[in-house]
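# Residue-level structure breakdown
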Amino acid sequence: MAEDAPNADEPDEVGPPGRVRMPGWVPKAVFVFWAGYVGTLVFRWGFSQLTGLLTLLLVSLFLSFAIEPGVNRLVTRGWRRGQATALILITALVVVSLFIGAMGTLIGGQVADLLQNTDQYITRIVRFMNDNFGTKFNPKSVNDDIQDPNGGFQRFIASQRDDALRLSAVVLRGLFDVFSALFFTFYLVADGPKLRRGICSRLRPSRQVTVLKTWELAIEKTGGYLYSRALLAGISAVFHWVAFTALGIPAPIALALWVGIMSQFVPVIGAYVAGALPVLIALANPGSTPLRALLALVFITIFQQIQDYVFAPRITARTMELHPAVAFGSALAGAALLGPVGAILALPATAMVQAVVSEMGGRHGVVSSPLTSIQPRRRKRRRRHRQESERE
């Protein structure tokens, strides 16, 4: 009878014979999979809804890094932190508004002149094409086709009227985003010490030192980078204003500001994109000659070289200089992630990351090799050759 007793180690058969029982971990794995899938969808939806807010916070963070050195200087002179922050933000807003107003006035004036003298511009363009490309267009027939109410050009103009309302909505949305970013920036800087104390209170003392050093380095390098670029933009604007005034190009102040800002805050191609507008305006201006546009192009090209080899090394020596390839690549990556805002923020972000990485780890001497030898500048080589000749 004892031999017929069931073995305690053998599992009991449940269900029909030959059917394997489902392991207990399978339902849990299925639940975790679907819970993770649903959680991922919810996270993607929430992130897409909050992308605008996150972008505003990112812009505000970099603006706070940029203006905090100036705020700290005013605070050391007896200003209250909130008043110093408001002064710098209002000053920056006024400067940007003046620049946008100047560019808007310039573009509006050019559009109004184009609408009033359409026949003359079309005639000049058609004659230029006939003389240089061998075409045989009749200027009068082209103007008649453009002025025809039932023509394609007039129908295109009429179809764009509805876009004016959408453009107005976009402008209002942009103004709201600007003031929201300034609002966040104000509190990030004005209450910066409280914010940093709240963060550090959650960390160990050693971690607090690391966080504060990184934060201070980010403020120093980001602010220094933007200040150096602003100074270079101002120098460029002054020189271009003098040149455009001497050449008789319309709206020299607005165009000089355009060239200065674009050449410094758009990497690699900014100077050439900025220089195209003054050249086009010089060509389109009634009574102008191609020689005036050519002289403007020559001056912009020569000054860009002078700025790269004379002004920029001295001004950026104490801040942060980005390699052109790194700056261009970071701008492309920022544009791919966040559009035009990302392209603008990519430069100070890259400067900040480069500064933080440069402070990490040790430094070693570089072995001598043709691959690591840097050719000295011409001025330094001439000075060295002069010193060697004097010694002889």
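Residues numbered from 1 in each chain as written. Predicted model: local features only at pLDDT ≥ 70, side-chain atom pairs only at ≥ 80, totals over all residues. Heavy atoms only, no water.

### Examining the overall build of the protein
Of the regular secondary structure elements, the protein holds 15 helices and zero strands. If you take every contact in the protein between residues at least 6 apart in sequence, the share linking residues at least 24 apart comes to 65%. Carbon and sulfur atoms provide 66% of the accessible area of the protein, an area that totals close to 27,800 Å². (Helix = DSSP H or I, 4+ residues; strand = E, 2+ residues; numbered from the N terminus. Contact = heavy atoms within 4.5 Å. Areas by Shrake-Rupley, 256 points an atom, 1.4 Å probe, with all protein chains shown as cover.)

### Observations concerning the pattern of salt bridges
Enumeration according to the criterion identifies three salt bridges in this entry. We note a salt bridge from Arg173 to Asp177, for which the minimum N-O separation is 3.7 Å. Residue Arg173 and its partner Asp177 are both found in helix α7 (residues 161-190); the two are separated by four residues, about one turn of the helix. Taken together, the salt bridges that share partners define one network made up of Glu68, Arg81 and Arg196. (Salt bridge = Lys/Arg side-chain N within 4 Å of Asp/Glu carboxyl O.)

### Digging into the environment of Val189
As for its position among the elements, Val189 is in helix α7. A residue is classified by how much of its surface remains accessible, and Val189, at 0% relative accessible area, is buried. Separated by 123 residues in sequence, Val189 and Ala66 have C-alpha atoms that sit 10.0 Å apart. Leave out the neighbours within four places in its chain, and Val189 touches Ser64, Ile67, Glu68, Val71, Arg81 and Thr85. (Buried < 20%, exposed > 50% of the residue type's maximum accessible area, 1.4 Å probe, protein only.)

### Considerations on a nonpolar patch on the surface
A contiguous nonpolar patch, built from Val30, Phe33, Trp34, Tyr37, Val38, Leu41 and Val42 and spanning about 700 Å² of accessible area, is present on the exposed surface. Inspection of the secondary structure puts Val38 in helix α1 (residues 25-49). The exposure class assigned to Val38 is partly exposed, which follows from its relative accessible area of 46%. (Patch = residues over 30% accessible without salt bridge, like charges linked within 9 Å, V, L, I, M, F, W, Y side chains within 5 Å.)

### Things to note about the packing of helix α2 (residues 51-76) against helix α14 (residues 340-358)
Interhelical geometry of α2 versus α14 gives an angle of 45° and a closest axis separation of 11 Å. Considered as vectors, α2 and α14 are oriented oblique to each other. The chirality of how α2 crosses α14 is left-handed. Between α2 and α14, the contacting residues are Thr55, Leu58, Val59, Phe62 and Phe65 on the first element and Val341, Leu345, Pro348, Ala349 and Met352 on the second. Looking at the contact of α2 with α14 residue by residue, the classes come out as nine nonpolar, one polar and no charged. (Axes fitted to C-alpha atoms, helices over the stretch in contact; angles between N-to-C directions. Parallel < 35°, antiparallel > 145°, perpendicular 65-115°, else oblique. Left-handed = near helix turned anticlockwise from the far one by under 90°. Nonpolar A, V, L, I, M, F, W, Y, C, P; charged D, E, K, R; others polar.)

### What to know about the packing of aromatic side chains
Each aromatic ring pair is described using two quantities: the centre-to-centre distance and the angle formed by the ring planes. Within the structure shown, the criterion is met by ten aromatic pairs. A ring pair is formed by Phe43 and Phe47, whose centres lie 6.3 Å apart and whose planes are at 25°; its orientation type is stacked. Of this pair, Phe43 and Phe47 both sit in helix α1, four residues apart, which is roughly one turn of the helix. On the numbers, 6.2 Å between centres and 65° between planes, the contact of Phe183 with Phe184 is edge-to-face. (Phe/Tyr/Trp six-rings, centres within 6.5 Å; stacked < 30°, edge-to-face > 60°.)

### With respect to helix α10 (residues 252-265)
Relative to the 20 Å expected for 14 residues at 1.5 Å per residue, α10 spans 20 Å between its end C-alpha atoms, a close match to the ideal helical length. Among all positions in α10, only Pro252, Ala254, Leu255, Ala256, Val259, Gly260, Met262, Ser263 and Gln264 are buried. (Expected span 1.5 Å × (residues − 1).)

### A short note on the nonpolar core
Among the nonpolar cores identified, the biggest contains 17 residues, and Met103, Leu106, Phe244, Ile249, Leu255 and Ile281 are the most heavily contacted of them. Taken together, the elements giving at least two residues each to this core come down to α3 (81-116), α9 (205-247), α10, α11 (270-284) and α12 (290-315). The residues contacting Met103, other than those within four sequence positions of it, are Ala254, Trp258 and Leu277. (Core = buried A, V, L, I, M, F, W, Y, C linked by side-chain atoms within 4.5 Å.)

### Notes on the confidence of the model for the protein
On average, the protein scores 77 in pLDDT, and the residues at 70 or more come to 77%. At the level of individual helices and strands, the protein shows its lowest average pLDDT in helix α15 (residues 378-391), which scores 56, and its highest in helix α8 (residues 192-200), which scores 88. (pLDDT = per-residue confidence, 0-100.)

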